[in-house]
Amino acid sequence: MTTTLRPGEQDVLLVVDVQNDFCPGGNLPVPDGDRIVPLVNRLSAQFPHVVFTQDWHTPAHASFASTHHKQPFQTTPVAYGEQVLWPDHCVQGTPGAEFHRDLDVTRAEMIVRKGFRPGIDSYSAFYENDQRTTTGLAGYLRERGFRHVYLCGLAFDFCVKWSALDARREGFQATVIEDATRAIDLNDSLAAARQEMAAAGVGLVQSARLAA
Ligand code: VGL
Ligand code: ZN
């Protein structure tokens, strides 16, 4: 028998990148990305505290294939390692960067924007891809007294994974609510993400575990 999880004052729900460009019809669609929206809304009503992230790139961002005159989904070496080159997505101020229209953000206590430095990508809500430039989220969460970060959103194998790993690195407990995520699954990135998260002590639960 598994126990029911009852989110309390030390728990925060982190809703990652539920934006138009990551949904079908967007520029970097995650398969069925929009299907999680009703569940994410339900979860954000269940948690006493909710934080959202928003991928928020400059035009001609370094993570865009077009910037390098390359095809999307290739990788290229950059100062901080290998960078996957993505289709242009979540450009600041464009419709693709907006939250999905049905996403309920009314209970957002904080919205973290990331990836706004032209030369560096940021998958994680905590650190940009150089793993040193901070978004300030860890300090915010600590100052608020949170101990346990629950994650949902898009995409499981990129921004959710990196955020969960960095939450652990920053000393938080981290649990991904799996059915409230969807994956891109590029070159087996889904299986790799599961392994990396398990090795880092990131928990994986289904939303049914949470008290209604
Ligand atoms: C994401 C690729 C590029 C994500 C963001 O939200 O998972 N993936 N930018
Ligand atoms: Zn991005």
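Further up the page is the structure itself.
Visitor: Go over the site of ligand 1, please, and point to the residues and values.
Guide: Every residue near ligand 1 is listed here: Asp17, Phe22, Leu28, Asp55, Trp86, His89, Tyr123, Leu154, Ala155, Phe158 and Cys159. His89 is positioned with one of its side-chain polar atoms (N or O) 3.1 Å from a nitrogen atom of ligand 1. In the model, an oxygen atom of ligand 1 is placed 3.0 Å from a nitrogen or oxygen of the Ala155 main chain. Protein chains bury 100% of the 260 Å² of accessible surface belonging to ligand 1 in isolation. Along the lines of polarity and charge, the residues of the shell around ligand 1 split into 8 nonpolar, 1 polar and 2 charged.

Visitor: Please give an account of the coordination of the zinc ion (ligand 2) that cites residues and values.
Guide: For the zinc ion (ligand 2), the full set of protein donor atoms is Asp55 (OD), His57 (NE2) and His89 (NE2), at a range of 2.0 to 2.2 Å. One can describe the donor arrangement at the zinc ion (ligand 2) as irregular, given that its 4 donor atoms subtend angles of 88 to 169° at the metal. All donors to the zinc ion (ligand 2) come from one chain, and their sequence spacing reads D-x1-H-x31-H. Pair noted here: His57 is in the loop between strand 2 (50–55) and strand 3 (75–78) and His89 is in the loop between strand 4 (81–84) and strand 5 (108–114), with a separation of 32 residues, a long-range link. Accessibility assignment for this pair places His57 and His89 in one class, buried.

Visitor: Outline the layout of surface pockets, listing residues and values.
Guide: Within this model, the largest pocket holds a volume of roughly 210 Å³. Forming the walls of the largest pocket are 15 residues, and the residues nearest its centre are Glu82, Val84, Tyr123, Phe158 and Trp162. Only strand 4, helix 3 (156–169) and helix 4 (189–199) provide two or more residues apiece to the lining of the largest pocket. Residue classes in the lining of the largest pocket are distributed as 6 nonpolar, 5 polar and 4 charged.

Visitor: Before we move on, can you summarise the side chain of Asp121 with the specific residues and values?
Guide: Turning to its location among the elements, Asp121 is positioned in the loop between strand 5 and helix 2 (137–144). Despite being buried, Asp121 has no salt bridge partner; Lys114 is the closest side chain of opposite charge, sitting 6.6 Å away. Look past the residues within four positions of Asp121 in its chain and what remains in contact with it is His57, His61, Ser63, Tyr80, Gln83, Trp86, Glu128 and Asn129.

Visitor: How would you explain empty space enclosed by the protein if you had to name every residue and give the values?
Guide: According to the stated counting rule, one finds 1 cavity of 30 Å³ or more in the structure shown. Estimates place the volume of the largest cavity at around 110 Å³. Contributing to the lining of the largest cavity are 16 residues, with Phe22, Asp55, His89, Tyr123 and Cys159 lying nearest its centre. Here the residues of the lining of the largest cavity are counted per class, giving 9 nonpolar, 4 polar and 3 charged.

Visitor: Go over the sheet that holds strand 6 (residues 148–154), please, and point to the residues and values.
Guide: Taken in spatial order, the 6 strands of this open sheet run 5-2-1-6-7-8, and their pairing is parallel. What marks the edges here is a single partner per strand, and that holds for strand 5 and strand 8 (203–205). Between one strand axis and the next, the sheet turns by 25° as a mean value, whatever way the strands run. Across 6 bridges, the pairing between strand 2 and strand 5 is parallel. Note on strand 5: the bridge partner recorded for Thr53 is Val112. Sitting on the sheet, helix 1 (residues 37–46) touches strand 1 (11–16), strand 2, strand 6 and strand 7 (173–182), and the angle it makes with strand 7 is about 145°. Each of strand 1, strand 5, strand 6, strand 7 and strand 8 touches helix 3; the most contacted strand, strand 7, lies at about 170° to it.

Visitor: So what's going on with the nonpolar core? Residues and values would help.
Guide: Core analysis: the largest hydrophobic core is formed by 63 residues, its most contacted members being Leu13, Phe126, Leu137, Leu141 and Ile177. Sorting the residues of this core by element identifies strand 1, helix 1, strand 2, helix 2, strand 6, helix 3, strand 7 and helix 4 as the ones contributing at least two each. For this core, the element with the highest residue contribution is helix 3, accounting for 7 residues. In this structure Leu137 touches Leu14, Val51, Val112, Ala125 and Phe126, once residues within four positions along its chain are discounted.

Visitor: Give a detailed account of the pairing of strand 3, specifying residues and quantitative values.
Guide: Bridge analysis of strand 3 against strand 4 gives 4 bridges, and the strand direction is antiparallel. Bridge pairing in strand 4 links Thr76 to Gln83.

Visitor: Could you give me a rundown of the packing of helix 3 against helix 4, with the residues and numbers involved?
Guide: A pair of packed helices is characterised by two quantities: the angle between their axes and the separation of those axes. Where helix 3 meets helix 4, the closest approach of the two axes is 10 Å, and the angle between their N-to-C directions is 10°. By the angle between their axes, helix 3 is roughly parallel relative to helix 4. For the pair formed by helix 3 and helix 4, the contact residues are Phe156, Asp157, Phe158, Lys161, Ala164 and Leu165 on the first element and Ser189, Leu190, Ala193, Arg194, Glu196 and Met197 on the second. Partitioned by chemical class, the residues of the contact of helix 3 with helix 4 number 7 nonpolar, 1 polar and 4 charged.

About the cut-offs
- Residues numbered from 1 in each chain as written.
- Chains lettered and ligands numbered in written order.
- Predicted model: local features only at pLDDT ≥ 70, side-chain atom pairs only at ≥ 80, totals over all residues.
- Heavy atoms only, no water.
- Near = heavy atom within 4 Å.
- Polar contact = N/O pair within 3.5 Å; in protein donor to acceptor, adjacent residues only side chain to side chain.
- Areas by Shrake-Rupley, 256 points an atom, 1.4 Å probe, with all protein chains shown as cover.
- Nonpolar A, V, L, I, M, F, W, Y, C, P; charged D, E, K, R; others polar.
- Donors = N, O, S within 2.8 Å, 3.2 Å for Na, K, Ca; no water.
- Tetrahedral: all angles 85-135°; square planar, octahedral: opposite > 155°, others 65-115°.
- Helix = DSSP H or I, 4+ residues; strand = E, 2+ residues; numbered from the N terminus.
- Buried < 20%, exposed > 50% of the residue type's maximum accessible area, 1.4 Å probe, protein only.
- 1 Å grid on protein atoms, 1.4 Å probe; cavity = no way out; pocket = protein on both sides within 12 Å on 5 of 7 lines; lining within 4 Å.
- Points joined across faces, edges and corners; volume = space filled by probe spheres on them.
- Lys, Arg positive; Asp, Glu negative; His and termini not counted.
- Salt bridge = Lys/Arg side-chain N within 4 Å of Asp/Glu carboxyl O.
- Contact = heavy atoms within 4.5 Å.
- Pairing = 2+ DSSP bridges.
- Axes fitted to C-alpha atoms, helices over the stretch in contact; angles between N-to-C directions.
- Core = buried A, V, L, I, M, F, W, Y, C linked by side-chain atoms within 4.5 Å.
- Parallel < 35°, antiparallel > 145°, perpendicular 65-115°, else oblique.

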